Each structure stands twice: as structure tokens, then as C-alpha cells.
Amino acid sequence: MAQLFLPTVSIANMTFQSTGNSGKATFLACAQNGLFFIPLIYLLPNIYGLMGIQMAQPLAFLLAAMVSLPFLLRFLKVLSQ
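Worth saying up front: this structure is predicted, and the values here are computed from it rather than measured.

A.B. asks: Sorry if this is basic, but what is going on with the overall build of the protein chain here?
C.D. replies: What the protein chain contains, in helices and strands, is three helices and zero strands. Along the protein chain, helices (α) and strands (β) appear in the sequence α-α-α when read from the amino end. In terms of overall dimensions, the protein chain has C-alpha extents of about 50 × 25 × 15 Å along its principal axes. Buried residues in the protein chain amount to 27% of all 81 residues. Expressed as a percentage of contacts within the protein chain between residues at least 6 apart in sequence, the contacts between residues at least 24 apart total 59%. Accessible surface computed for the protein chain: about 5300 Å², of which carbon and sulfur atoms make up 70%.

What follows is the structure, encoded as C-alpha cells:
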């Protein structure tokens, strides 16, 4: 189910790369694996055991999508003007 959110992050990242917003693109690329996945993979197994390892990647996808969606919506709003 978390795979449904992966295109949001990928589309936002590619949009910012192609429009020359490399700072935002780099942040969004790092958000999924660096900002969310690494802390989750350390924290969740201590709480949920093996299930915590299985939950870390989908939660990282979801959190990265939640972060990238406002970036993308703001960009689309500016683009329409």
C-alpha cells in the first residue's frame, strides 16, 4: 500500500531536477532514505522487532510523500500563475 506514495516523491524530485531547482530535488531525494528511513530502521525494530524492520521502508515512503506533496503543490501553483 505504501508503494502508492512512491510516485509522488519521484515526480516531485524529477520536476525539481528538470526545472533547475537542484536544492529542493536533493532535499527530496535525501528525505526518503536519509531523513526518514535511517532513523526508522534504527528505532522501529527496538519497539516492534521484525515487524519494525518490515514497517520502516513503507513508513519512509509515506513520510517522504507527505513532505514532497506541499513542495509540489506550491510549485504547481506558481507555475499556473
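After that view of the structure, there is still more to cover.
A.B. asks: Would you take a moment to explain the packing of helix α1 (residues 6-18) against helix α3 (residues 50-80) for this structure?
C.D. replies: Packed helices, taken two at a time, are described by their axes: the angle between them and the distance between them. Remark: α1 packs on α3, axes separated minimally by 8 Å, with the N-to-C direction vectors making an angle of 45°. One element, α1, and the other, α3, form an angle in the oblique class. Between α1 and α3 the crossing geometry is left-handed. Of α3, the residues touching α1 (which contributes L6, T8, V9, I11, A12, T15 and F16) are F61, A64, A65, S68, L69, F71, L72 and F75.

A.B. asks: Sorry, what's going on with the nonpolar core here?
C.D. replies: The tendency in soluble globular proteins is for nonpolar side chains to be buried as a group. Counting nine residues, the largest nonpolar core consists of V9, A31, F36, L40, L44, A56, A60, A64 and A65. At the level of secondary structure, the elements contributing two or more residues to this core comprise α2 (22-48) and α3. Setting aside anything within four residues of it in sequence, one finds L44 in contact with G49, G52, M55, A56 and L59. Core analysis: the next-biggest nonpolar cluster, separate from the first, contains six residues, F16, A25, L72 and F75 among them.

A.B. asks: Whenever I open this one, a nonpolar patch on the surface confuses me. Can you help?
C.D. replies: On the surface, L69, L73, L76 and L79 cluster together into a nonpolar patch covering about 380 Å² of accessible area. The topology assignment puts L79 in helix α3.

A.B. asks: Just to check I follow, could you spell out the environment of A2 for this structure?
C.D. replies: Positionally, A2 belongs in the segment before α1. Separated by 43 residues in sequence, A2 and P45 have C-alpha atoms that sit 19 Å apart.

Criteria and thresholds
- Residues numbered from 1 in each chain as written.
- Predicted model: local features only at pLDDT ≥ 70, side-chain atom pairs only at ≥ 80, totals over all residues.
- Heavy atoms only, no water.
- Helix = DSSP H or I, 4+ residues; strand = E, 2+ residues; numbered from the N terminus.
- Buried < 20%, exposed > 50% of the residue type's maximum accessible area, 1.4 Å probe, protein only.
- Contact = heavy atoms within 4.5 Å.
- Areas by Shrake-Rupley, 256 points an atom, 1.4 Å probe, with all protein chains shown as cover.
- Axes fitted to C-alpha atoms, helices over the stretch in contact; angles between N-to-C directions.
- Parallel < 35°, antiparallel > 145°, perpendicular 65-115°, else oblique.
- Left-handed = near helix turned anticlockwise from the far one by under 90°.
- Core = buried A, V, L, I, M, F, W, Y, C linked by side-chain atoms within 4.5 Å.
- Patch = residues over 30% accessible without salt bridge, like charges linked within 9 Å, V, L, I, M, F, W, Y side chains within 5 Å.
- Salt bridge = Lys/Arg side-chain N within 4 Å of Asp/Glu carboxyl O.

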